[in-house]
Amino acid sequence: MILTPETLAFLMAAALVAGCIDAMAGGGGLIALPALLAAGVPPVPAVATNKLQSSLGTFGACIAYARAGHMDLKTYRWPVFAAFAGSIGGAWLVQRVDPTVLAGLMPALLIMLALYFTFSPKVSEMDRRSRVGIVVLSPLIGVIGFYDGFFGPGAGAFYTTIFVALGGLGLVRATAQTKAANFASNIAGLMTMIIGGHVIWVAGLAMAVGSITGGQIGSHLAMRFGSKLIRPLLIIMSLGLTAKMLLDPKNPVHALLFG
């Protein structure tokens, strides 16, 4: 598929905004994936190409959080591995079953997430006592990794919620660990798409430039402003994704619920 320079510039700009939002609260796919579809990229290659740019952008955000000392891969290596393994399973299964089976659950889950961050006590920047250990946390993160490989939208917000509500992490540290888990599940999904030959490399690499830049901007904004910025963005992105699923006739959730 041949894309014009103007189209590539549009995709890079969309990826920059998506990467910035994704580094702070997740949900960048709400911008990047529709941009690819608007550029005329077919659905499956659009998903595959989005995985490429998202993987590189998330990796850049990981580096920023790690350099600032917010990421602890030694402690949370098993949740990250679980996200990777879960995503492989999800990406394998999505090629064999109808993803609308899971899609129907999404609006309710995202609304619950938004309600949690709206009405829960103020989320501290400091870590609290973990409600579960790594042995329990890892398979829970693995489930979200499976979802990311199988369907995808909102995975970052789900990771963050688990790290905050059950892992006891402050919101900035939870966001940092989310980027590590998200990178793992993105890479696993990308590997599956590469094997299938669905990635449009020129578009994906061009978008990666914007995504990496946006990821750096978003991660630094998140570390500077903390929960004052991340918490409302999580709520907005959760409700925005729910609205898109329910109102877009082309979305599998809309098709499943409204026929």
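This text follows the structure it describes.
Computed from a predicted structure; not experimentally measured.

*Asks:* What am I meant to see in the overall build of the protein here?
*Replies:* When you go through the protein residue by residue, the secondary structure sums to 12 helices and zero strands. Reading the helices (α) and strands (β) of the protein from amino to carboxyl end gives α-α-α-α-α-α-α-α-α-α-α-α. For the protein, buried positions account for 53% of its 259 residues. At a minimum sequence separation of 6, the contacts of the protein that also span at least 24 residues come to 81%. When the accessible area of the protein is evaluated, it comes to approximately 11700 Å², of which 73% is carbon and sulfur surface.

*Asks:* How do you make sense of a nonpolar patch on the surface when you look at a structure like this?
*Replies:* A surface patch of nonpolar side chains, about 370 Å² in accessible area, is lined by Leu16, Val17, Ile217, Leu221 and Phe225. For the nonpolar patch, the secondary structure elements donating two or more residues are α1 (5-25) and α10 (201-225). The biggest single contributor to the nonpolar patch is α10, with three residues. Here Phe225 is to be found in helix α10.

*Asks:* What's the story with helix α9 (residues 171-196) in this structure? I'm lost.
*Replies:* Each α-helix turn comprises 3.6 residues. Residues three or four places apart therefore point the same way. Here α9 contains 26 residues, and its C-alpha end-to-end distance of 37 Å stays within 8% of the 38 Å for a straight helix at 1.5 Å per residue. By the criterion of burial, α9 is predominantly enclosed, with 19 of the 26 residues buried. A positive phi of about 75° marks Gly197, the residue just after α9.

Parameters and conventions
Residues numbered from 1 in each chain as written. Predicted model: local features only at pLDDT ≥ 70, side-chain atom pairs only at ≥ 80, totals over all residues. Heavy atoms only, no water. Helix = DSSP H or I, 4+ residues; strand = E, 2+ residues; numbered from the N terminus. Buried < 20%, exposed > 50% of the residue type's maximum accessible area, 1.4 Å probe, protein only. Contact = heavy atoms within 4.5 Å. Areas by Shrake-Rupley, 256 points an atom, 1.4 Å probe, with all protein chains shown as cover. Patch = residues over 30% accessible without salt bridge, like charges linked within 9 Å, V, L, I, M, F, W, Y side chains within 5 Å. Salt bridge = Lys/Arg side-chain N within 4 Å of Asp/Glu carboxyl O. Expected span 1.5 Å × (residues − 1).

No statement about biological role is implied by the geometric values presented.
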